Amino acid sequence: MSTGANTRGGQAERSSGGRQIVWTVLASAVAGLSTYYSAFSGRPVSLATLPTSYGLCTEGTNIYTVDDAKPSVECILVDKHDITATGTLAEIQAQWDEYQNELIQKFYGNEPTAKKPLPIHRAPAGSIVVPGLADAHAHIIQYGFKMQLPLDKAKTLSGLLDLLEDYVRSHPSEPDTWLEGMGWDQTRWSDTDGAFPTAADLASRPSLASLPIALHRVDVHALWLSPRAVALTKAHLNGTFPDRVPGGEIIQDQATGEPTGIFVDAAMSLVPIPKWSEWQMREYAGKTMEDALAVGLTSIHDAATSIEEFELFKQMDEENALPIRVYAMADSDRLSIEQRKNIEVDDLNPAARTRMRSVKLFTDGALGSWGAALLAPYSDKPDARGIMRMSEDTLNDLIRMWWNKGWGVNVHAIGDRANKAVLDAFESISRYADSEDTVVQRRPRIEHAQIMRPEDLKRAGGLGVLTSVQPTHATSDMWYAESRLGPERVKGAYAYQTLLKSSRGGVLPLGSDFPVEGINPLLGFYAAVARLDVDGNSPHGNDGWFPSERLTRAQALKGMTLDAAYASFAEDTLGSLSPGKRADFVILDRNIMDDSQPFRDILETTVKATIVDGQVAFGAI
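Note that residues are indexed from 1 along each chain, following the sequence as it is written. Only residues with pLDDT of at least 70 get local features here, since the model is predicted, and only at 80 or more are side-chain atom pairs given and counted; chain-wide, interface and lining totals rely on the full set of residues. Each side-chain value is worked out from all heavy atoms of the structure, with water and hydrogens disregarded.

Peer 1: Looking at this structure, how should I read the environment of R600?
Peer 2: We count a stretch as a helix when DSSP gives it H or I for four or more residues in a row; a strand needs E for two or more, and each element gets its number in order from the N terminus. Structurally, the position occupied by R600 is in helix α20 (residues 600-603). Distance from R600 to Y526, taken between C-alpha atoms, is 8.2 Å for residues 74 residues apart in sequence. In this description, contact between two residues means that some pair of their heavy atoms is separated by no more than 4.5 Å. Setting aside chain neighbours within four positions, we find R600 in contact with V534 and D535.

This is the structure we're talking about:
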């Protein structure tokens, strides 16, 4: 009996062991076939929906990680919403096998049949993979609004008036319904001398003459009103326009003293334009999200968010209707006294789709409207030095108030006077701080940092103040910047390589300021590395405008990925394709990182797929 039992037991043990070996071989074969078919089949399948776990590989090492440990790799391993490994195909497969072995040992009694094969997907031939792109300075709601009636399409004043007439004909409305648009830029019109337009220009077209029209300049620092809109504004102000507007200006006709129709900076708030409704804002936000994903954006720093807008973003997030990450800067100008008193930081998780950890302040206007605050008069307008929207003392007090509340402080500053005032305020905080790293840890930002004294270019980095810049501003403004600033002062303008070298840690967040500029981040990438306009030209020829201030391609990519993440306190979670970080990445149809390729190729690049949290948000793999 015992001998027979032992014999049967031995046979059963050998049979079980044999089945285990068979299953192990079969599981390995299935995994291998899966890998082989997906990776090397002559007929790759384009997927708009991805499995929970997968590997993604490129030809050669065309995944640019922005991770110094492994700058470029062949493959990444994605599990759920995270990247868990990078390297060669063999390396990520080994990592996956190790992970699967741990799982079956812990949960499945070491049964090999429970092991899951790893699907491997290949990016299209010639394409590259980069981290999800971030715009470190943009305006979400305003972009959607602008796209209804984009005035920057007009290259002449006459063409703009034609555009408005076409819009009025195709959008009939009640006589006193305000018509709003955005994007005009008098410096780009070929049929004028570059001076501001007037209400009379709008009245020159019969179909426009009686309508209340308010048109935002491209930089959103000036409003152009029709005669009817001027009249409604005057009635709103009880029949009298103020002689002076602190932080702004109502441009007046020198002969009559009456408003010409241009209201600059703080004066724009006098105009009684109806507020957007919630459904309008949702529609505008939806348009922005759609367009952002199509150009590879996975994160946007919304640079002046009202409480109502932030609540909308949170509501969209709760409804799974917010496909990208929004890092909001609370708009100090639009906070009521009660809101300013009670508002709190909203930042539970750096990977969250909605976060608000910083406040946005404003010091001056814009260069194109002669509103940037300068220490010396404008070279092309000697009677003007720009507009300080508040005094230096008030700015210092406001920065310190938000600082003491624990907020990150991000300040709009374009002119050299404005930038100096902001740095003076942060230097004052640093002087009384517990340690020299106190300012660095709070990551204060100057938004734009366009025109700076040479000593302030260095001072910003020394203090640990981040300069958040928009490269397309340089290539948009370069045609008139020197006439505004003169040949010496312009040398401290749009000085991106200098700012980067002066920065602690080599951080230079890049954005676009859309809708002031285009939403496509590759336009900014091109402007940063080429310093040319989209036609390949600059005031200094085809080598670029002040070419010594060009960024390298690696610097530009880091600026719109890891540096932007750092500027939003999220560099440990976002910004590079590193194990442990979120699987946000973009597949581009060509290699923008190849220095041997012409700059023009960057402008022709298209996005094949945008992936957020490991899943396709736009396009397909």
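Peer 1: How should the state of the cysteines be read in this particular structure?
Peer 2: Here a disulfide denotes a covalent bond joining the sulfur atom of one cysteine to the sulfur atom of another. Pairs of cysteine sulfur atoms within 2.5 Å are identified as disulfides in what follows. Overall, the coordinates contain one disulfide when judged by the stated rule. Sulfur-sulfur distance for the disulfide between C57 and C75 comes to 2.0 Å. With the S-S dihedral at roughly 110°, the linkage between C57 and C75 falls on the right-handed side. With a gap of 18 residues between them, C57 in strand β1 (residues 53-57) and C75 in strand β4 (residues 75-79) connect regions that are remote in the sequence. C75 shares its class with C57; the two are buried. Note on classification: 1.4 Å probe, protein chains only; a residue is buried when its accessible area is under 20% of the maximum for its type, exposed when over 50%, partly exposed between these limits.

Peer 1: Sorry, what's going on with the sheet that holds strand β17 (residues 408-413) here?
Peer 2: Strands belonging to one sheet form pairs held by backbone hydrogen bonds; the direction of such a pair is parallel or antiparallel. In short, DSSP must find at least two bridges between two strands for them to pair. Taken in spatial order, the seven strands of this open sheet run β8-β14-β15-β16-β17-β18-β19, and their pairing is parallel. Sheet topology places β8 (133-138) and β19 (466-468) at the edges, where each strand pairs with a single neighbour. The sheet shows a mean angle of 25° between the axes of neighbouring strands, taken without regard to direction. The sheet contact formed by β8 and strand β14 (residues 297-305) spans four bridges and is parallel. Only the contacting stretch of a helix is used when fitting its axis, a line to C-alpha atoms as for every element, and angles between N-to-C directions run 0 to 180 degrees.

Peer 1: Please explain helix α2 (residues 89-107) as it appears in this structure.
Peer 2: Residue pairs three or four apart in sequence face the same way in an α-helix, which turns once every 3.6 residues. Here the expected span of a helix is defined as 1.5 Å times the quantity of residues minus one. If you check α2, its first and last C-alpha atoms are 27 Å apart, about what 19 residues at 1.5 Å a residue would give, namely 27 Å. For α2, the full list of buried residues reads L89, I92, Q93, W96, Q100 and I104. Buried residues along α2 cover an arc of 105° about the axis, so they all sit on one side. Exposed residues lying more than 90 degrees from the buried face of α2 are A90, Q105 and K106. At the exit of α2 stands G109, carrying a positive phi of roughly 60°. Regarding the arc, it is the one traced by the directions from the helix axis to the C-beta atoms.

Peer 1: What is the right way to read empty space enclosed by the protein from this model?
Peer 2: The method is simple in principle: a probe with the dimensions of a water molecule rolls over the atoms, and the space it marks as empty is what remains. Residues are called lining when one of their atoms sits within 4 Å of a cavity or pocket point, these points coming from a 1 Å grid over the protein atoms alone, where a cavity is a set in which a 1.4 Å probe fits but cannot get out and a pocket is an open set with protein on both sides within 12 Å along at least five of seven lines. Grid points are joined across faces, edges and corners, and a volume is the space filled by probe spheres set on the points. Enumeration over the complete set of coordinates arrives at five cavities of 30 Å³ or more. The calculated volume of the largest cavity comes to roughly 190 Å³. As for the largest cavity, its lining consists of 23 residues, and the residues nearest its centre are A134, S299, R325, A565 and L574. Residue polarity follows a fixed list, in which Ala, Val, Leu, Ile, Met, Phe, Trp, Tyr, Cys and Pro are nonpolar, Asp, Glu, Lys and Arg are charged, and the others, Gly among them, are polar. When its residues are assigned to classes, the lining of the largest cavity shows 11 nonpolar, eight polar and four charged. Looking at the second largest cavity, its volume works out to about 80 Å³.

Peer 1: How should the packing of helix α11 (residues 392-404) against helix α12 (residues 416-431) be read in this particular structure?
Peer 2: Between two packed helices, what matters for the description is the angle formed by their axes and the separation of those axes. In the contact formed by α11 and α12, the axes pass within 9 Å of each other and the chain directions differ by 45°. On the basis of their axis angle, the class for α11 and α12 is oblique. Here the hand of the crossing between α11 and α12 comes out right-handed. Along the contact surface, α11 presents E392, L395, N396, I399, R400 and W403, while α12 presents R417, A421, V422, A425, F426, S428 and I429. Broken down by class, the residue content of the contact of α11 with α12 amounts to eight nonpolar, two polar and three charged. An angle counts as roughly parallel when it lies under 35 degrees, as roughly antiparallel when it exceeds 145, as roughly perpendicular when it falls between 65 and 115, and as oblique in every other case. We call a crossing left-handed when the near helix sits turned anticlockwise from the far one by less than a right angle, and right-handed when that turn is clockwise.

Peer 1: Please clarify how the pairing of strand β12 (residues 248-252) should be interpreted in this entry.
Peer 2: Relative to strand β13 (residues 259-265), β12 runs antiparallel, the two being bridged by four bridges. Following the sheet pairing, I250 is matched in β13 by F263. What sits between the antiparallel neighbours β12 and β13 is a turn of six residues, in which G257 has the positive phi angle 80°.

Peer 1: I tried to follow the packing of α12 against helix α14 (residues 454-463) on my own but got confused; where do I start?
Peer 2: Direction vectors running N to C along α12 and α14 enclose 30°, while the axes themselves pass 10 Å from each other. When the axes of α12 and α14 are compared, the pair comes out roughly parallel. Of the two possible hands of crossing, α12 and α14 adopt the one that is left-handed. Together, K420, L423, D424, E427 and S430 of α12 and D456, R459, A460 and L463 of α14 make up the contact between the two elements. Here the contact of α12 with α14 is composed, by residue class, of three nonpolar, one polar and five charged.

Peer 1: Would you mind showing me how to read the sheet that holds strand β5 (residues 82-87) here?
Peer 2: The strand order across the open sheet formed by four strands is β5-β4-β1-β6, and the pairing between neighbours is mixed. Strands with a single pairing partner mark the edges of an open sheet, and in this sheet they are β5 and β6 (120-122). On average, each strand axis in the sheet is tilted by 25° relative to the strand beside it, whichever way the strands run. Across five bridges, β1 lies against β4 in antiparallel orientation. When the sheet's bridge partners are listed, Y54 is paired in β4 with V78.

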